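Read off the chains here:
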Amino acid sequence: MEKPSPITEEDVRKIAALAKLSLSSEEISRYQSQFVKILDSIAQLSLLNIENVPPTSSVLGLKNALREDQAIPFKKPEALINNAPEKDGHFFKVPKIIE
Amino acid sequence: MKNLTSFSASQIAQEVSSGNIKAEEVALAHLERIKAEDPKVKAFITVLEESALISAREVDLKRSQGKKLGKLAGVPIAVKDNILVEGVETTCASKILKGFKAPYDATIVEKLKKEDAVIIGKTNLDEFAMGSSNENSAFFKTKNPWNLDAVPGGSSGGSAAAVAAKMAPLSLGSDTGGSIRQPASFCGLVGLKPTYGLVSRYGLIAFASSLDQIGPMSRNVEDAALLLSSIAGHDLRDSTSSPEAQTHFSGTPLEKLRGLRIGMPREYFAEGLDAEVQKSVWNAVNCLKTMGAEVKEVSLPHTSYAVATYYIIAPSEAASNLARFDGVRYGYRAQDVKNLSELYEKSRGEGFGPEVKRRIMLGTYALSSGYYDAYYNRAQKARTLISRDFENVFKEVDFLATPTAPSAAFKFGEKSADPVAMYLSDIFTIPSNLAGNASLSIPCGLNKDHLPIGLQLIAPAFEDEKLLALAATIEKAVNFPQLN
């Protein structure tokens, strides 16, 4: 594995955008320096010989769990809508999304 | 007056079922204790005074009507605040979920209620269960009842402190990389991370789904077995719950240890391990040897890769799981936003704390285009190697005995400035989450500062009953003190 070049503040900004997190410039610079350290400690995985090793896809080899596709009515829909930060009757209210 | 807060859960259930004491008395005694102790310890985010008394009275009524009571009759239980209890605020110790009222019960909470338990409160944690000291709670820091200057461990620090300070005889924690076992070790408790799939995760707010497992924390092994018997079992609502899940656990000490093989993995006794921890662990293992067990050194050669593997896999799963907190359907919503994208970014940026954001970013990076193979895929391959280490070693021995954590409880602020140093406090607990096997911490001694030391026992997957039995045997031999 090629060692990726050290992470920059620009990289951190890009990741934050992908993760939908607004960060202050102070946070960006703190995360940048911490990421260099964290990724450095993670980089030891490149020492492992993993060529013929399959990746783990299920913890204890569980098979797909299938069941009948039956709808089970939820007893208290109002308990769901009551948690909304903004609502209009039985609808979640959000800012306008079509310009 | 009976000292009800010193009763074990098994004693309470027995006495309440036979009518010797009332569930209401038990609840009142523990609520009193919370009033006296919690201002110092700060284990609880929410104390359910009213509803605890109501459910205790219901248990007493049920008994007076001649109905048979459940396994946990009148037993007060503290529940980690990342597990849903219907109608009760469930925060994950995060600003982003402040005020969120759970619309339904987690499967295990349904089960507790069916067994006539009394849910006494919701306990503090590192935000979204990400941390090893409780310092990452967005609300306040829980203290270690053994020494208020020391951390209780994390992330289930509130659940640990509540039981150690006798504000409840039992609590539920969740363990993603050691979050039950490490605080149990720091607070002198029994803490079990059951085999992955033994306990339903439905209603546990997900952090890293392939690693998370709910388990009991208690002051003795029998109580841990009692709680596990009440919560284990297959659940159709959790597709990773195992159809083979057992539901009866007794935690009865083993009669003889002859023929039992215990492995001490040399990688867990390497440099950096506190000398007093090492000594205590050896003392406990020597007890087993005296009782006839065969003890031998073994090797789990990929141990040193576990923390790095975990810090790719867990944040990757977290980045995905925590995408649901978007300020739309529940939780915190930022004000004065111009469009939907800003609503997401600002709500998440303002609602999540520093460690949660750090891990979301780390996971997003590990999964992002161009880095997936170098990080996530490589980590999942390393995970296979770590699991194979356990498979191989369990051909040679029945159990592994290791320290739970490299040290006893550390002081507040000691590691909080350095994420990597904090991550290393889970170095011995993480491998069991990666491999999915059963693992528990049991107190094995006190250090010179009078802080508890934990012994970790690891068993193959689905050997939880044998693991509890071995722990009970050690418990009898070690005779660990309780706090007053």
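So, how was this worked out
Residues numbered from 1 in each chain as written. Chains lettered and ligands numbered in written order. Predicted model: local features only at pLDDT ≥ 70, side-chain atom pairs only at ≥ 80, totals over all residues. Heavy atoms only, no water. Helix = DSSP H or I, 4+ residues; strand = E, 2+ residues; numbered from the N terminus. Expected span 1.5 Å × (residues − 1). Buried < 20%, exposed > 50% of the residue type's maximum accessible area, 1.4 Å probe, protein only. Arc of directions from axis to C-beta. Contact = heavy atoms within 4.5 Å. 1 Å grid on protein atoms, 1.4 Å probe; cavity = no way out; pocket = protein on both sides within 12 Å on 5 of 7 lines; lining within 4 Å. Points joined across faces, edges and corners; volume = space filled by probe spheres on them. Nonpolar A, V, L, I, M, F, W, Y, C, P; charged D, E, K, R; others polar. Domains from an automatic or database assignment. Pairing = 2+ DSSP bridges. Axes fitted to C-alpha atoms, helices over the stretch in contact; angles between N-to-C directions. Buried area = accessible area lost by both parts, 1.4 Å probe. Salt bridge = Lys/Arg side-chain N within 4 Å of Asp/Glu carboxyl O. Polar contact = N/O pair within 3.5 Å; in protein donor to acceptor, adjacent residues only side chain to side chain. Phe/Tyr/Trp six-rings, centres within 6.5 Å; stacked < 30°, edge-to-face > 60°.

**A closer look at helix 3 (residues 49-64) of chain B**
All names here are of chain B. Here helix 3 spans 23 Å end to end across 16 residues, near enough to the 22 Å set by a 1.5 Å rise per residue. Listing the buried residues of helix 3 in full gives Ala 52, Leu 53, Ser 55, Ala 56, Val 59 and Asp 60. Seen along its axis, helix 3 keeps its buried residues to an arc of 170 degrees; they face one direction. The exposed residues of helix 3 that point more than 90 degrees off its buried face are Glu 50 and Ser 64. Contacts from the buried residues of helix 3 go to helix 1 (9-17), helix 2 (23-41) and strand 3 (118-123). One or two steps after helix 3, the chain reaches Gly 66, where phi turns positive at roughly 80 degrees.

**Description of empty space enclosed by the protein**
Residue and element names in this part refer to chain B. Throughout the structure, instances matching the rule amount to four cavities of 30 Å³ or more. Quantified by volume, the largest cavity comes out at close to 80 Å³. Together, Gly 131, Asn 136, Glu 355, Arg 358, Arg 359, Lys 415, Ser 416, Asp 418, Pro 419, Met 422 and Tyr 423 line the largest cavity. Split by residue class, the lining of the largest cavity holds three nonpolar, three polar and five charged. When its volume is computed, the second largest cavity comes out at roughly 70 Å³. Considering the residues around the second largest cavity, the lining is formed by 13 residues, among which Gly 131, Tyr 310, Tyr 311, Arg 359 and Asp 426 are closest to the centre. Here the lining of the second largest cavity is built from residues that sort into six nonpolar, five polar and two charged. Split by domain, the residues of the lining of the second largest cavity number at least three in each of domain 1 (4-231) and domain 3 (308-374).

**Notes on the sheet that holds strand 5 (residues 190-193) of chain B**
One key point about sheets: their strands pair by backbone hydrogen bonds, in either a parallel or an antiparallel sense. Residue and element names in this part refer to chain B. Strand order across the open sheet formed by eleven strands is 1-3-2-4-6-5-10-11-9-7-8, with mixed pairing between neighbours. Of all the strands in the sheet, just strand 1 (44-47) and strand 8 (294-298) have a single pairing partner and so form its edges. On average, each strand axis in the sheet is tilted by 25 degrees relative to the strand beside it, whichever way the strands run. Docked against the sheet, helix 8 (residues 275-290) engages strand 7 (261-265), strand 8, strand 9 (399-403), strand 10 (438-446) and strand 11 (452-459), running at close to 55 degrees with respect to strand 11. The strands touched by helix 15 (residues 464-478) within the sheet are strand 5, strand 7, strand 9, strand 10 and strand 11, with strand 10 carrying the most contacts at an inclination of about 5 degrees.

**Regarding helix 5 (residues 157-164) of chain B**
Residue and element names in this part refer to chain B. Within helix 5, eight of the eight residues are buried, which leaves it mostly tucked inside the rest of the structure. Here helix 5 has its buried residues at Gly 157, Gly 158, Ser 159, Ala 160, Ala 161, Ala 162, Val 163 and Ala 164. Backbone geometry just downstream of helix 5 places Lys 166 in the positive-phi region, at approximately 60 degrees.

**Comments concerning the interface of chain B and chain A**
Across the boundary between the two partners, chain B contributes 69 residues, which contact 52 residues of chain A. Summed over both sides, the interface of chain B with chain A buries roughly 5,300 Å², with 69% coming from carbon and sulfur. Along the contact surface separating chain B from chain A lie four salt bridges. Here A:Glu27 and B:Lys357 are joined by a salt bridge, their closest N and O atoms 2.7 Å apart. The tally of links from chain B across to chain A stands at 18 residue pairs in polar contact (both at pLDDT 80 or more). Mapped onto the side of chain B that touches chain A, the elements with two or more residues apiece are helix 9 (306-321), helix 10 (340-351), helix 11 (354-367), helix 12 (373-396), helix 13 (419-423) and helix 14 (430-435) of chain B. Counting residues per element, the side of chain B that touches chain A draws most heavily on helix 12 of chain B, at twelve residues. Residue classes in the side of chain B that touches chain A are distributed as 35 nonpolar, 20 polar and 14 charged.

**What to know about the packing of aromatic side chains**
Residue and element names in this part refer to chain B. Scanning all chains against the criterion turns up 19 aromatic pairs over all chains. Between Tyr 311 and Tyr 423 the ring centres are 3.8 Å apart and the planes differ by 10 degrees, which places this aromatic pair in the stacked class. One end of the pair, Tyr 311, is in helix 9; the other, Tyr 423, is in helix 13, with 112 residues separating them in the sequence. In this structure, Tyr 311 and Tyr 423 share a single accessibility class: buried. Here the aromatic residues Phe 100, Phe 128, Phe 325, Tyr 330 and Phe 352 are joined through ring pairs into a cluster of three or more.

**Side note on the side chain of B:Thr176**
Residue and element names in this part refer to chain B. Mapped onto the elements of the fold, Thr 176 is located in the loop between strand 4 (170-175) and helix 6 (181-186). Reaching out from Thr 176, the side chain makes a polar contact with the side chain of Asp 212 at a distance of 2.6 Å. Apart from residues lying up to four places away in sequence, Thr 176 is in contact with Phe 207, Ala 208, Leu 211, Asp 212, Tyr 310 and Asn 433.

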